[in-house]
Amino acid sequence: MRIEQLDYVAAVAEHGSLRRAGEHLHVSQPAISEAITKLERELGVTLLDRRRSGARISAAGRSLMPYLTDVLDGVARLAHAASGHTGAGRTIRIGTVNTGTSHVLLPAAHAHQHGPAASPVEIRQLQQGEIQVGLAEGTLDLGLVNLLVEDELHPDLHGVELMRGTAVAVLPRDHPLTGQESVSAADLAGADFIAMREGYVMYRVAKRLFGDATPPALHSTDGADMGSKMVGSGLGVTVLPDFSVHDDPLAVAGIITTRPLAVDPIVVRMVLLTRKGARHPESVRALIGALRSRASQV
C-alpha cells in the first residue's frame with residue numbers, strides 16, 4: 001500500500017470522477033485507475049464504481065474514507081513535525097448555506113487558524129441537499145445547514161444544533177411596514193418580495209406563509225447574505241432567520257431592520273452536520289469545537 005494510492009482514492013471521492021481527479025493531481029486517468037485497482041486487490045474491496053459514464057467512489061469506498069483520511073492526516077502531521085512545524089494537516093472541507101458563513105463559520109475558522117490543530121479550511125457555498133450528498137460520499141467533512149423544527153436528518157448523518165431563532169421580516173429602514181409592530185403574510189405579499197430559491201429552508205418558509213398566493217413582483221436569490229443586500233439596496237423585503245440579521249453590517253448601520261411575523265413563530269435551527277461513524281482527525285474536531293464556541297457567543 002502506497003500513500004499516493006490513498007491520495008488517488010481521496011481525490012476521486014472529492015472531485016467526483018477519475019477525470020477530474022486526474023486533472024487536479026496532474027496524473028493520467030489510466031495511472032490513477034491502475035493504482036486504485038492494485039489497492040482494491042490488496043484490500044479485497046471495490047473502492048470505485050466503474051461505469052461507462054465514469055468512475056465514482058463506491059459505497060464500500062465511502063465507508064472506508066474516514067480511515068483513509070485519518071492516514072493522510074497523520075502523514076501530513078508527520079511531515080510538518082519533521083520539518084519543524086506543528087498543527088497543519090490536510091484541508092478541512094466544509095459545505096455551508098451562506099446564512100451561517102459570515103457570523104459563525106468565518107470567526108470560527110479564524111479562531112481555528114490560530115489554534116494548536118490549525119489546518120487549511122475550504123468553504124463551499126452549497127444547498128442543503130448538496131451538503132448532505134457531500135457528507136454521505138465523503139467529499140465534505142462538515143456541513144452547516146438551516147432546518148425547521150420538524151425536519152428529520154438523513155439517516156447517515158449526525159446533527160448538532162448550534163443555534164435557533166425565528167423567521168422575521170427584513171425591511172429597508174424607510175419602508176412603510178417598519179411603522180408596524182409586526183408584519184403579516186398579506187403585508188409581505190403586497191410588497192416587492194425577495195425569496196430564496198428552491199432548495200433553501202427559507203424557500204419553504206415563504207411557501208408556508210404565502211401558499212399559492214405568490215407575491216406579484218417576486219425576486220429571488222441564493223441566501224441570506226445576498227438577500228440582506230438586496231433589501232438594503234431597496235429592491236424589496238424578505239424573510240430570514242433572526243440570527244442571520246442581528247449582527248449583519250447593514251442592520252448594525254441601520255440600513256435594514258426587522259419586524260416579527262404576525263404568525264405563530266416559525267423556528268429555524270442552524271445545525272452542524274457530520275457523517276455517522278466518521279472518525280474525525282484532531283484538526284476537524286478542533287474546528288467543530290470552534291464552531292460550537294462561536295455559536296454560543298452569537
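Residues numbered from 1 in each chain as written. Predicted model: local features only at pLDDT ≥ 70, side-chain atom pairs only at ≥ 80, totals over all residues. Heavy atoms only, no water.

K.L.:
Tell me about the overall build of the chain, and name the residues and values.
P.N.:
Along the chain, the regular secondary structure elements total eleven helices and eleven strands. The principal-axis extents of the C-alpha atoms in the chain amount to approximately 70 × 45 × 30 Å. Nonlocal contacts in the chain, meaning residues at least 24 apart in sequence, comprise 74% of its contacts between residues at least 6 apart. For the chain, the computed accessible surface area is about 14200 Å², with 52% contributed by carbon and sulfur atoms. Distance between charge centres in the chain, computed from 29 positive and 32 negative side chains, equals 6 Å. (Helix = DSSP H or I, 4+ residues; strand = E, 2+ residues; numbered from the N terminus. Contact = heavy atoms within 4.5 Å. Areas by Shrake-Rupley, 256 points an atom, 1.4 Å probe, with all protein chains shown as cover. Lys, Arg positive; Asp, Glu negative; His and termini not counted. Charge placed at Lys NZ, Arg CZ, Asp CG, Glu CD.)

K.L.:
Report on the packing of helix H2 (residues 18–25) against helix H3 (residues 29–43), specifying residues and quantitative values.
P.N.:
In a packed pair of helices, the relevant descriptors are the angle between the two axes and the axis-to-axis distance. Interhelical geometry of H2 versus H3 gives an angle of 110° and a closest axis separation of 9 Å. Taken together, H2 and H3 sit at an angle that is classed as roughly perpendicular. Contact with H2, carried on its side by Leu-18, Arg-19, Ala-21, Gly-22 and Leu-25, involves Gln-29, Ile-32, Ser-33 and Ile-36 of H3 and no other residues of that element. Split into classes, the residues belonging to the contact of H2 with H3 amount to five nonpolar, three polar and one charged. (Axes fitted to C-alpha atoms, helices over the stretch in contact; angles between N-to-C directions. Parallel < 35°, antiparallel > 145°, perpendicular 65-115°, else oblique. Nonpolar A, V, L, I, M, F, W, Y, C, P; charged D, E, K, R; others polar.)

K.L.:
Describe the packing of helix H1 (residues 3–15) against H3, with residues and values.
P.N.:
Direction vectors running N to C along H1 and H3 enclose 110°, while the axes themselves pass 9 Å from each other. Accordingly, the angle class assigned to the pair H1 and H3 is roughly perpendicular. For the crossing formed where H1 meets H3, the hand is left-handed. Touching Gln-5, Leu-6, Tyr-8, Val-9 and Val-12 of H1 are Ala-31, Ile-32, Ala-35, Ile-36, Lys-38 and Leu-39, all from H3. By residue class, the composition of the contact of H1 with H3 is nine nonpolar, one polar and one charged. (Left-handed = near helix turned anticlockwise from the far one by under 90°.)

K.L.:
Describe in detail the pattern of salt bridges, supporting the description with residues and values.
P.N.:
Counted under the stated rule, the structure contains 14 salt bridges. Salt-bridge contacts for Arg-164 lead to Glu-161; the nearest nitrogen and oxygen are separated by 2.9 Å. The exposure class assigned to Arg-164 is partly exposed, which follows from its relative accessible area of 49%. The residue Asp-222 makes a salt bridge to Arg-197 at a minimum N-O spacing of 2.3 Å. Residue Asp-222 is located in the loop between strand E8 (218–221) and helix H9 (224–232), and its partner Arg-197 is located in the loop between strand E7 (193–196) and helix H8 (201–210); the two are separated by 25 residues in the primary sequence. A relative accessible area of 33% means that Asp-222 is categorised as partly exposed. Three or more residues joined by partner-sharing salt bridges are found here, namely Glu-14, Arg-93, Glu-122, Arg-124 and Asp-141. (Salt bridge = Lys/Arg side-chain N within 4 Å of Asp/Glu carboxyl O. Buried < 20%, exposed > 50% of the residue type's maximum accessible area, 1.4 Å probe, protein only.)

K.L.:
Please give an account of helix H6 (residues 128–137) that cites residues and values.
P.N.:
Where H6 is concerned, the buried positions are Gln-128, Ile-131, Gln-132, Gly-134, Leu-135 and Glu-137. Gly-138 occupies a position one or two residues after H6 and carries a positive phi of about 85°.

That is the geometry; function is a separate question.
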